Amino acid sequence: MIIQLHPEIAAAQRSRIGETVAQFGYDAKEVITQHGIYWVCVGTAGFDIRRIGALAGVKDVHRVDAANKLVSRLWKVEDTIIDLGNTIRIGDGSCALMAGPCSVESEEQVADTVAFLVQQNVKIMRGGVFKPRSSPYAFRGLGMEGLRMFAKACRAAGIRIITEVMEQEQIDAMYDYVDVFQVGARNAQNFNLLDALGKTDKPVLLKRGLSGTIDELLAAAEYVFSNGNEQIILCERGIRTYEKAYRNTLDLNAVPVLKEKSHLPVVVDPSHGIGLRAHVPHMALAAVMAGADGLLLEIHAQPEKALSDGQQTLSFAEAASLFSKIKTLEMVRENWMDLWQ
C-alpha cells in the first residue's frame, strides 16, 4: 500500500494516520521526494483502504501488490517525465537522443562532438570520465579534470550532460557538472551507490545489469526512489547470454514490459546492446518502434581511433543519417500508435 500525504499535513494528522496503519498490522516507511510525501506500507491484512483515504491529511491511497511499489504503474498511471530544462524532456512521448563518445578523451574531441550535436539539434551528450573497464590496462577516463572540461563545453552550447558515477564518494565532486547521473551495468546492484543517488535531486539513469532481470532493474530503481529521488530513467542495454556473434543480446522485449510495469521512462542503448557498428542503426530504429522514450548512442569523429568501444561507435556521418531516420520513424510511430489504440 502507498499513502500519499498532503504537503502541509499537520503533526496530529500524521500521528493519527500512523496509528491507523499500525492497527491494521502494517509497517510504514516515509519517503520524501522532490514531488511528494509517501508512506510505503507493508503488511498482509486485508481491509478497505477507503478507511485510510478518509483520514485528514491523506491525499490519496493505493493498494500496490508489486514488490517494487514506488516505481510501479499500479499506483501512478501517468508517465513520469524527466525535465532537464530548456524544453529538454525524457518521457514526454518523443524519443530523446543522448549521443557522444564512450570516453571523453580530449578538449578537441569534446568541442567537435558538441558542434556536431548542436548542428543536429541533439541536446543531451553522453560521455564517460570514469570508465569501468574489463582490463586494468585499458583507458579508464580523464576523471574530474575531464568532467570539468566536458561540462564547460556543453554548458556554453546549452547541452545537458549524462555521465557515469562509479562510487558514492564521487557524487558530491561531480554534482555541479552533471545533469544526469548514469549507473552502469556493473554497478546495477551496488545498493550503497543507489541509496546515495536517492538522496540527490538530479536524475539518475539506471542501466540493466550484465545479466539482470526486469525485476532486478526495477528493484534498483526502487532503491533510488525510496531514498527520496523519483527522477529515474530505466535503460535497456543488452544482457549477457550464451550467444557470441555479438557483444550482448539487446532485449527489446524489455521496453514494452517495463513501460507496462512502471511509470518511469525507458531508454535503449543499442551501441552496447549489439556492439557492432554496422548494426547499431538497425537496433536503434527497432527500439524506437518498440516504444523507447530515448536512445543512448556512442558517436565519435573517428571511431577507429576511439580509446574505447570504437567497434560499436558511429561516425558523425553515420549518426547524422540515423538521426534523420529516427525523426521520420517517430512520425510513423505516432501514427501507428493512434491506429493501434
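Remember, it's a predicted structure, so these values are computed and weren't measured experimentally.

1. So, the overall build of the chain
- A count of helices and strands for the chain gives eleven helices and 14 strands.
- Here the C-alpha radius of gyration of the chain, 21 Å, is about what a compact globule of 341 residues would show, namely 20 Å.
- Referenced to the eigenvectors of the C-alpha coordinate spread, the extents of the chain come out at roughly 65 × 50 × 40 Å.
- Of all 341 residues assigned to the chain, the portion counted as buried reaches 54%.
- Taking contacts inside the chain between residues at least 6 apart in sequence as the whole, the part at least 24 apart equals 68%.
- Of the accessible surface of the chain, which amounts to about 15,400 Å², a share of 51% is contributed by carbon and sulfur atoms.

2. Here we look at the environment of G46
- Mapped onto the secondary structure, G46 falls in the loop between β3 (37-42) and α2 (50-53).
- Owing to a relative accessible area of 72%, G46 belongs among the exposed residues under this scheme.
- Linking G46 and G25, residues 21 residues apart in sequence, is a C-alpha distance of 9.6 Å.

3. So, the sheet that holds strand β9 (residues 160-164)
- Judged by pairing direction, the barrel is parallel, and its eight strands sit side by side in the order β7-β8-β9-β10-β11-β12-β13-β14 before closing back on the first. Pairs of neighbouring strands in the sheet enclose a mean axial angle of 25°, with direction left out of account.
- As paired strands, β9 and strand β10 (residues 180-183) are joined by three bridges and run parallel to one another. Across the sheet, residue I162 finds its bridge partner in β10, namely V180.
- Contacts between helix α7 (residues 214-226) and the sheet are confined to β11 (204-207) and β12 (232-236), with β12 contributing the most and set at about 160° to the helix.

4. Re the packing of helix α6 (residues 191-198) against α7
- Where α6 meets α7, the axes come as close as 6 Å, and the angle between the chain directions of the two elements is 40°. What the angle tells us is that α6 and α7 run oblique. The handedness of the crossing between α6 and α7 is right-handed. Residues F191, L194, D195, L197 and G198 of α6 lie in contact with α7, whose contacting residues are A220, Y223 and V224.
- Of the residues contributing to the contact of α6 with α7, the split by class is six nonpolar, one polar and one charged.

5. Some words on the nonpolar core
- Of all hydrophobic cores here, the largest spans 73 residues; its most connected members are F150, L206, L234, L295 and F323.
- At seven residues, the largest contribution of residues to this core is made by α7.
- Dropping the residues within four chain positions of it, F323 is found in contact with L97, A99, F116, Q120, V122 and L297.
- Core analysis: the next-biggest nonpolar cluster, separate from the first, contains 17 residues, L5, I9, L55 and V61 among them.

6. Observations regarding the sheet that holds strand β1 (residues 2-5)
- A sheet is described by the order of its strands in space; here four strands give the open sequence β2-β3-β1-β4, paired in antiparallel fashion. Lying at the two open borders of the sheet, with one neighbouring strand each, are β2 (27-32) and β4 (58-62). On average, adjacent strands in this sheet sit at an angle of 20° to one another, irrespective of strand direction.
- The pairing of β2 with β3 spans six bridges and is classified as antiparallel. For A28, the partnering residue across the bridge sits in β3 and is C41.
- Of the strands in this sheet, β1, β2, β3 and β4 are in contact with helix α1 (residues 11-23), which crosses β3 at around 15°.

7. Some remarks on the side chain of Q170
- Looking at the element boundaries, Q170 is found in the loop between β9 and α5 (171-174).
- Judged by its relative accessible area of 13%, Q170 is buried.
- For Q170, the contacting residues outside a window of four places in its chain are F130 and V165.

Cut-offs applied
Numbers given for residues are sequential positions, taken from 1 along each chain in its written order. Per-residue local features are limited, in this predicted model, to residues with pLDDT of at least 70; the limit for side-chain atom pairs, both in listing and counting, is 80 or more; totals at the level of whole chains, interfaces and linings are taken over all residues. Hydrogens and waters are ignored; side-chain quantities use all the structure's heavy atoms. The helix and strand labels rest on DSSP assignments: H or I over at least four residues marks a helix, E over at least two residues marks a strand, and numbering proceeds from the N terminus. All radius of gyration figures rest on C-alpha atoms, and the globule criterion is 2.2 Å times the number of residues raised to 0.38. Working definition: with a 1.4 Å probe on protein chains only, accessible area under 20% of the residue-type maximum means buried, over 50% means exposed, and in between means partly exposed. Residues count as neighbours in contact if any of their non-hydrogen atoms are within 4.5 Å of one another. Computed with the Shrake-Rupley method and a 1.4 Å probe, the accessible areas treat only the protein chains shown as cover for residues. A pair of strands is considered paired only if DSSP assigns at least 2 bridges between the two. Interaxial angles span 0 to 180 degrees and are taken between N-to-C directions of axes, which are lines fitted to C-alpha atoms, for helices over the stretch in contact. Roughly parallel covers angles under 35 degrees, roughly antiparallel covers those over 145, roughly perpendicular covers 65 to 115, and oblique covers all other angles. Take the far helix as the reference: if the near one is turned anticlockwise from it by less than a right angle, the crossing is left-handed, and if turned clockwise, right-handed. Residues are grouped as follows: Ala, Val, Leu, Ile, Met, Phe, Trp, Tyr, Cys and Pro are nonpolar; Asp, Glu, Lys and Arg are charged; every other residue, Gly included, is polar. Throughout this description, the term nonpolar core refers to a set of buried Ala, Val, Leu, Ile, Met, Phe, Trp, Tyr and Cys residues connected via side-chain atoms within 4.5 Å.

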